[in-house]
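# A structural walkthrough
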Amino acid sequence: MSYSQKHPNPRVIVVGAGISGLMMGLLLGKAGITYQIFERASHVKALGALMSINANILPVFEQLGLLKEVENISLRNNGSIIFNSQMKEIGQVRVPNYMELTGYDFLVFSRPELYEILLRQVPQDRISFNKRILSMRESIGGTRIYCSDNSIYEGDIVIGADGAYSAVRQNMHKMMETNGAVAPVHDIKDMAMPYMCMVGTTGPMSPHDYPHLKDSMNHLHHVVGADIHSWTVITIPRNRFCWSVMVQIKDQNEAKEQRFRNSEWGPEANNSLIDEVKDFPISFGGTLGDIIKATPKDRISKVMLEEKLFETWHYKNVVLIGDGAVNAMQDAVVLANCLYDLTDLSPESLTAAFEDYRSQRFREAKKQVVNSKMNARVSSGQSLIEKIVRHLVLNFIPASVMARQFSRAAAYRPQVAYLPQVVERGSIKALPNRPSKRVMYEKMLLRNRRVVETPCDSSQSPCTTSVGDRNAGVSVNREGACLLI
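Description of the structure in this document.

Cut-offs applied
Residues numbered from 1 in each chain as written. Predicted model: local features only at pLDDT ≥ 70, side-chain atom pairs only at ≥ 80, totals over all residues. Heavy atoms only, no water. Salt bridge = Lys/Arg side-chain N within 4 Å of Asp/Glu carboxyl O. Helix = DSSP H or I, 4+ residues; strand = E, 2+ residues; numbered from the N terminus. Buried < 20%, exposed > 50% of the residue type's maximum accessible area, 1.4 Å probe, protein only. Pairing = 2+ DSSP bridges. Axes fitted to C-alpha atoms, helices over the stretch in contact; angles between N-to-C directions. Contact = heavy atoms within 4.5 Å. Core = buried A, V, L, I, M, F, W, Y, C linked by side-chain atoms within 4.5 Å.

Quick look at the pattern of salt bridges now. Where side chains of opposite charge bring their charged atoms close, a pairing between them can arise. Counted by the stated rule, this structure contains 16 salt bridges. With its nearest N and O atoms 2.7 Å apart, the salt bridge here joins Asp 149 to Lys 131. On the criterion of sequence distance, the pair formed by Asp 149 in the loop between strand S10 (142-147) and strand S11 (152-155) and Lys 131 in the loop between strand S8 (127-128) and strand S9 (133-139) is long-range, its members being 18 residues apart. Here Glu 154 and Arg 144 are joined by a salt bridge, their closest N and O atoms 3.1 Å apart. Taken together, the residues span a long stretch of sequence, with Glu 154 in strand S11 and Arg 144 in strand S10 at a distance of ten residues. Accessibility expressed as a relative area gives 37% for Arg 144, which makes it partly exposed.

Another point: the sheet that holds strand S16 (residues 240-248). A sheet is described by the order of its strands in space; here seven strands give the open sequence S6-S5-S14-S15-S16-S13-S17, paired in mixed fashion. Looking at the sheet topology across the chains shown, the edges are occupied by strand S6 (89-94) and strand S17 (301-305). Averaged over neighbouring strand pairs, the angle between their axes works out to 20° when direction is ignored. In terms of strand pairing, strand S13 (residues 195-201) meets S16 through seven bridges, oriented antiparallel. Of the residues in S16, the one forming a bridge with Tyr 195 is Gln 248.

Overall, mixed pairing links the six strands, which are arranged S8-S2-S1-S12-S19-S18 in an open sheet. Strand pairing shows two members of the sheet lacking a second neighbour, S8 and strand S18 (314-315), which therefore form its edges. Examined bridge by bridge, strand S1 (residues 11-15) and strand S2 (residues 34-38) share five bridges and lie parallel to one another. Residue pairing in the sheet places Arg 11 in a bridge with Thr 34 of S2. Contacts from helix H1 (residues 19-30) reach S1, S2, S8 and strand S12 (157-160), with the element oriented near 165° to S2. Helix H12 (residues 347-380) rests against S12, S18 and strand S19 (318-320) of the sheet, and its axis sits at about 10° to S19.

Turning our attention to the nonpolar core. Of all hydrophobic cores here, the largest spans 81 residues; its most connected members are Ile 53, Phe 61 and Ile 159. The biggest single contributor to this core is helix H11 (residues 326-340), with ten residues. Excluding its chain neighbours within four sequence positions, the residues that come into contact with Phe 61 are Met 23, Ile 53, Leu 66, Leu 67, Val 70, Leu 114, Leu 118 and Met 329. Ranked by size, the runner-up nonpolar core spans 26 residues in total, among them Met 205, Trp 243, Ile 249 and Leu 273.

As structure tokens, then:
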């Protein structure tokens, strides 16, 4: 095995303290790698509403000892129901026997609660707030980041986990241009016209008024409105609802304006949209206004929902991961595995590790982006084509086809290669996980050191096997006893 016993301890800068940034930091800490997370916000503000995770990432939470905590904030889900604006059911998307198939429940919860679980795992001194990245420059010791508060930091590796409009990505492109490299045209184009989404999580509500809250299973209801609006209301533990309102943006100029305003959105910016949607009915009874009134104002937020699969994932010692849900956490897992196997910090080694990371993730990430776009069309799309797609998906795709697609998706379950592996369960066989070269090497060394003293047979000639002869599996100690390796 051509592998070195030397392992560097790189200084890693993680930009962005969202879910993917926290997961990245947590995994780096488990790998014994020095890291610091830099977050542009002044404090933790866990916003958002619904989030779901499944067998594609739950084995990692089990490896980290966090599976029970995640289960405690969740309800089990087995599908969703889609209604029109008159509250007539127009279709269902079901995932039957999920536990039997994968060995895990399909879990639904409030996104801020998962954020809090991850935040508790990261030492407070590993996160620096009020650190908005203005620029990055190559240095003799790696890469320096320059922040808006005039502070400067240097790292051997910079990981961007700061979203679709990543400051790290933008500065990486500038570094490429400085060195005569050009980012692909696809990477610098505007994203597709997005959805604007307002989300929130209510406080406890009365199960008497909303009987669905009594159920141990999650109820996830989408409503497709008559024009540009769609809305979703979901039951979660402790008698609460998560909710979201989607506004489809169909004009490119409006999309640009909303992107420009996105960073300035605060609680007061929600008022006009709340007024637009407060009288919309919901399938649980009452209106969206009733649900919104039960939501603390500082927990209502607006975001732009935009997805794009970039071609360029790294340059020199800068590398990017997603920012968001399962896809982004899978990025963090695979990248952490690649960093754990580093034998040195040479430019060649870093490039090879980052290329390995991209090659493992690109195809799967592309599948997720395609699936996400399809889900958005089915649950929220308002164009004529999207309405046709929704009708076909809900009424004409055979259950057997859906089951095959689900099985293929559920088979991808990357694990942390340097932590004890979770035993596979469920009837859907998981795709093989790539073993860590470093872990394999260290296990080999351990086997070679695990020795048992056995006296030599004095009637035979003295042992002559040389020390460290791995083929013979025998070496000699100074007292003449055989050491069986």
